[in-house]
Amino acid sequence: MKYAAVSLLVSGAAAFPWVVDSPGVDSSLFKQRRALWRRQQTGEGAGGPATCPFNANHVPASPVTAQYPYNNAKNGVMGNQKGGFQVPTTGDTAHYYVAPGPNDIRGPCPGLNAAANHNFLSHDGVVTYNELVDAQQNVYNVGYDLANLLAVLGLTLTDGDLVTEKLSIGCDATTRTSVNPALTGSEPGLDGHNKFEADSSLTRNDFFTHNGDDFSFNGTLFGMMDTTCKSNFNREALSLYRSQRWHQSQAENSNFYFGPLSLLLYGAASFLYELMPSGTHGYAPDLATISSFFGAQKNSDGTWGFVHEKIPANWTNRVAPYTNNDVTLEIVHMYLENPVLFGGNTAAGSFDALNFGAIQNGKISPSITPAQTSCLLYQLTTGQVPSYLNGVITPTVNALAFALKKLGPSFANLGCPIPLT
Ligand code: HEM
Ligand SMILES: *[C@@H]1O[C@H](CO)[C@@H](O)[C@H](O)[C@H]1NC(C)=O
Ligand SMILES: *[C@@H]1O[C@H](CO)[C@@H](O)[C@H](O)[C@H]1NC(C)=O
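Residues numbered from 1 in each chain as written. Chains lettered and ligands numbered in written order. Predicted model: local features only at pLDDT ≥ 70, side-chain atom pairs only at ≥ 80, totals over all residues. Heavy atoms only, no water.

1. Focus on the pattern of salt bridges
Let me state the cut-off plainly: Salt-bridge detection follows one rule: a side-chain nitrogen of Lys or Arg within 4 Å of a carboxyl oxygen of Asp or Glu. For the purposes of this entry, the term helix denotes a DSSP run of H or I that reaches at least four residues, the term strand denotes a run of E that reaches at least two, and both are numbered from the N terminus. Classification of residues uses two cut-offs on accessible area relative to the type maximum, computed with a 1.4 Å probe and protein chains only: under 20% is buried, over 50% is exposed, and between them is partly exposed.
The final tally for this structure, using the stated rule, is five salt bridges. Linking R204 and E309 is a salt bridge whose minimum nitrogen-to-oxygen distance equals 3.8 Å. Here E309 lies in the loop between β6 (304-306) and α11 (324-337) and R204 lies in the loop between α6 (181-184) and α7 (219-229), a separation of 105 residues in the sequence. The pair formed by R204 and E309 is uniform in burial state, with each residue classed as buried. Between R235 and E337 there is a salt bridge whose closest N-O contact spans 3.2 Å. Here E337 lies in helix α11 and R235 lies in helix α8 (residues 235-252), a separation of 102 residues in the sequence. Judged by relative accessible area, which is 35%, E337 ranks as partly exposed.

Right, here's the structure in full:
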């Protein structure tokens, strides 16, 4: 297990019954109430190991080649950092779209699902750290620093395996990701709730209102997003839609939790207008482009169905790399256009706000300093992050060492508080 849960109060567990069965929580403290409490992605449940697709014949991602170099990002190192090219290149059949089959894992991230459907990630969805760093650069021209940060968060937060550096982009595939399941415990993959995956997603249900299905595409939600955005998925529109989703979750989900890791939801929303738009459409975040990446297809009655995530035809990626600094500024801007509270619903029916770094009394201040802004994401990787009210995940020494090794160079001079190992 990469993170250990600490500071868990019994009253907190009563307020948030589901924390008891979260990986890393010492549930022996709460035995007598346990039967009442719901579990997280275990066994037969949605996203759990029993129902997770199994591919006996794992084939790694198709690497880029001298003939079709893309950003020339290979083996987890920095590529050219220069986009504006077509993906996939005409003739590069190794990266043409192949629909996922019954043995392929997909999850809550349309960007990674699309990359796997095009073999930039392993088609079966059991991916490596290097594949993640390479694919983000080669497909979307994500800057090397941000590609690294997201891959670190994916691995450490969702209990990917720090030895094999493998991660499932969806359900619990511990038998394939873990170096030794008896030692590591379960590795839930990106479906794991209240880690990277969180409530009030753009097109995914909340874990607790839909029996643990926090990863499937939901056409009703896609339609709501399209309506709010008026088919123009820019920052202003997505900021409004994000706040609508916050209010929906707060009203409908008694276990709603919107913690510091939810900052990543604003980052993901920025990907619609920063990473998905195509040069062949004037880099407009239009419906044709966005629906293709989300695998959304309009039915004759106006509702939205799902057809798997696909890079749009003739798509050309962004020219300048999308960096840590870029995404942090987008997160803060998008948040401040329609601010909501960080915190969670309690059993008593109230909403409790929280404090974490630049988040004070549940809010990011409009007068946030540039230094605080820069440190926002860094603290998510190396800090003690509240992952539910009264519960904190603290990176283990191994996870911290892993994050510092991978991120050290890009964050070294930010002046953020560096935790001691
Ligand atoms: C290693 C890199 C990445 C990891 C580990 C990752 C992981 C995730 C996770 C766990 C979620 C679910 C968050 C939630 O809504 O609860 C998510 C959402 C999302 N990701 Fe990624 N992601 C990565 C890179 C990318 C890239 C490169 C794109 C580019 C298009 C992308 C686009 C999105 C979008 C649009 C969403 C929101 C989906 C929705 O809420 O309906 N991601 N990602
Ligand atoms: C899709 O989202 C809507 C709105 O939140 C919800 O009512 C519905 O139950 C979801 N559908 C599925 C199949 O999960
Ligand atoms: C892609 O480009 C080709 C050649 O220019 C064109 O015939 C085709 O209509 C384009 N497809 C889309 C979806 O833009």
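On we go.
2. Observations concerning the coordination of the iron atom of ligand 1
Put simply, the test is: Donor atoms: N, O and S within 2.8 Å of the metal, or within 3.2 Å for Na, K and Ca. Because water is excluded, sites can look incomplete.
For the iron atom of ligand 1, the protein contributes exactly one donor atom, C109 (SG), at 2.3 Å. Checked against the element boundaries, C109 lands in the loop between α1 (10-15) and α2 (110-117).

3. Some remarks on the site of ligand 2
Heads up, the condition is: Put simply, a residue is near a molecule or strand once any heavy atom of it comes within 4 Å of that molecule or strand. Side-chain atoms alone can form a polar contact between residues adjacent in sequence; in general such a contact is a pair of N or O atoms within 3.5 Å, and within protein one must be able to donate a hydrogen while the other accepts it. Note on areas: Shrake-Rupley with a 1.4 Å probe; residue coverage comes only from the protein chains shown. Amino acids are sorted into nonpolar (Ala, Val, Leu, Ile, Met, Phe, Trp, Tyr, Cys and Pro), charged (Asp, Glu, Lys and Arg) and polar (every other residue, Gly among them).
Around ligand 2, the neighbouring residues are N205, H210, N218, T220, L221 and Q248. Here an oxygen atom of ligand 2 sits 2.9 Å away from a polar atom, N or O, in the side chain of Q248. Relative to its unbound accessible surface of 360 Å², ligand 2 loses 52% to contact with the protein. A class-by-class count of the residues in the shell around ligand 2 yields one nonpolar, five polar and no charged.

4. Examining the packing of aromatic side chains
As a reminder of what qualifies: Paired rings are identified among Phe, Tyr and Trp, the last through its six-membered ring, by centres lying within 6.5 Å, and are further divided according to the angle between planes into stacked (under 30 degrees), edge-to-face (over 60) and tilted (the rest). The rule for a charge over a ring is simple: NZ of Lys or CZ of Arg within 6 Å of the ring centre, and within 35 degrees of the ring normal.
Considering all chains together, one arrives at 21 aromatic pairs under this definition. Consider the rings of Y70 and F120, whose centres lie 5.2 Å apart with planes at 90°: the pair is edge-to-face. Of this pair, Y70 sits in the loop between α1 and α2 while F120 sits in the loop between α2 and β2 (126-128), and the two are 50 residues apart along the sequence. With respect to burial, Y70 and F120 carry one shared label: buried. Ring-pair connections join several aromatic residues into one group, and the members of that group are W246, F256, F258, Y266, Y335, F342 and F351. The ring of Y266 has R242 lying over it, and the distance from NZ or CZ to the ring centre is 5.0 Å. Above the face of the Y129 ring, K406 is positioned so that its terminal group lies 4.1 Å from the ring centre.

5. Considering the site of ligand 1
Around ligand 1 lies a shell of 26 residues, among which C109, A198, S201, L202 and T203 are the nearest. In the environment of ligand 1, an oxygen atom lies 3.1 Å from a nitrogen or oxygen atom belonging to the side chain of E197. Taking L202, its main chain carries an N or O atom lying 2.8 Å from an oxygen atom of ligand 1. Broken down by secondary-structure element, the contributors of at least two residues to the shell around ligand 1 are α2, α3 (129-140), α4 (144-157) and α9 (263-274). Per-element tally for the shell around ligand 1: the top contributor is α9, with four residues. Among the residues forming the shell around ligand 1, the class breakdown is 19 nonpolar, five polar and two charged.

6. Digging into the side chain of N55
Quick note on the threshold: A contact between two residues is defined here by any heavy atoms of the two lying within 4.5 Å.
In this structure, N55 sits in the loop between α1 and α2. By relative accessible area, N55 is classed as buried at 18%. A distance of 2.9 Å separates a polar side-chain atom of N55 from the backbone nitrogen of N57. Within polar-contact distance, the side chain of N55 engages the side chain of D124 at 3.0 Å. Not counting chain neighbours up to four residues away, the residues in contact with N55 comprise N103, D124 and R176.

7. A look at the state of the cysteines
To keep it simple, the criterion reads: Cysteine sulfurs are considered disulfide-paired once they come within 2.5 Å of each other.
On inspection of all chains with the given rule, the structure shows one disulfide. Bridging C52 to C171, the disulfide has an S-S length of 2.1 Å. Where C52 bonds to C171 through sulfur, the torsion about that S-S bond is close to 75°, and the disulfide is right-handed. Within this pair, whereas C52 is found in the loop between α1 and α2, its partner C171 is found in the loop between β3 (166-168) and α5 (174-177), the two being separated by 119 residues in sequence.

8. Examining the packing of α9 against α11
What counts, and what does not: A fitted line through C-alpha atoms represents every axis, and for helices the fit uses only the stretch in contact; the resulting angles, taken between N-to-C directions, go from 0 to 180 degrees. The labels follow the angle: roughly parallel below 35 degrees, roughly antiparallel above 145, roughly perpendicular from 65 to 115, and oblique for the rest.
With their axes 9 Å apart at the nearest point, α9 and α11 run at an angle of 105° to one another. One way to sum up the angle between α9 and α11 is to call them roughly perpendicular. Contact with α9, carried on its side by L263, Y266, G267, A269, S270, F271, Y273 and E274, involves V327, E330, I331, M334 and Y335 of α11 and no other residues of that element. For the contact of α9 with α11, the class distribution of residues is nine nonpolar, two polar and two charged.

9. A word on the sheet that holds strand β8 (residues 351-353)
Worth spelling out the cut-off: Two strands are counted as paired when DSSP detects at least two bridges linking them.
One open sheet holds the three strands; their spatial order is β4-β7-β8, and the pairing between them is antiparallel. The open sheet has two free edges, formed respectively by β4 (257-258) and β8, since each of these has just one partner strand. Here two bridges tie β4 to strand β7 (residues 343-345), and the two strands are oriented antiparallel to one another. Considered in β7, the bridge of F258 is made with G343.

10. Comments concerning the nonpolar core
Spelled out, the test is: Residue types Ala, Val, Leu, Ile, Met, Phe, Trp, Tyr and Cys, when buried and joined through side-chain atoms within 4.5 Å, form a set referred to as a nonpolar core.
F222, M225, L238, L272 and F294 are the most contacted members of the largest nonpolar core, which totals 91 residues. Looking at this core element by element, the count peaks at nine residues for α4. Setting aside residues up to four positions removed in sequence, F294 forms contacts with P110, L202, T203, R204, F217, F222, M225, L272, M276, F306 and E309. Judged by nonpolar contacts, the second largest core, of five residues, contains C52, I105, V126 and C171.

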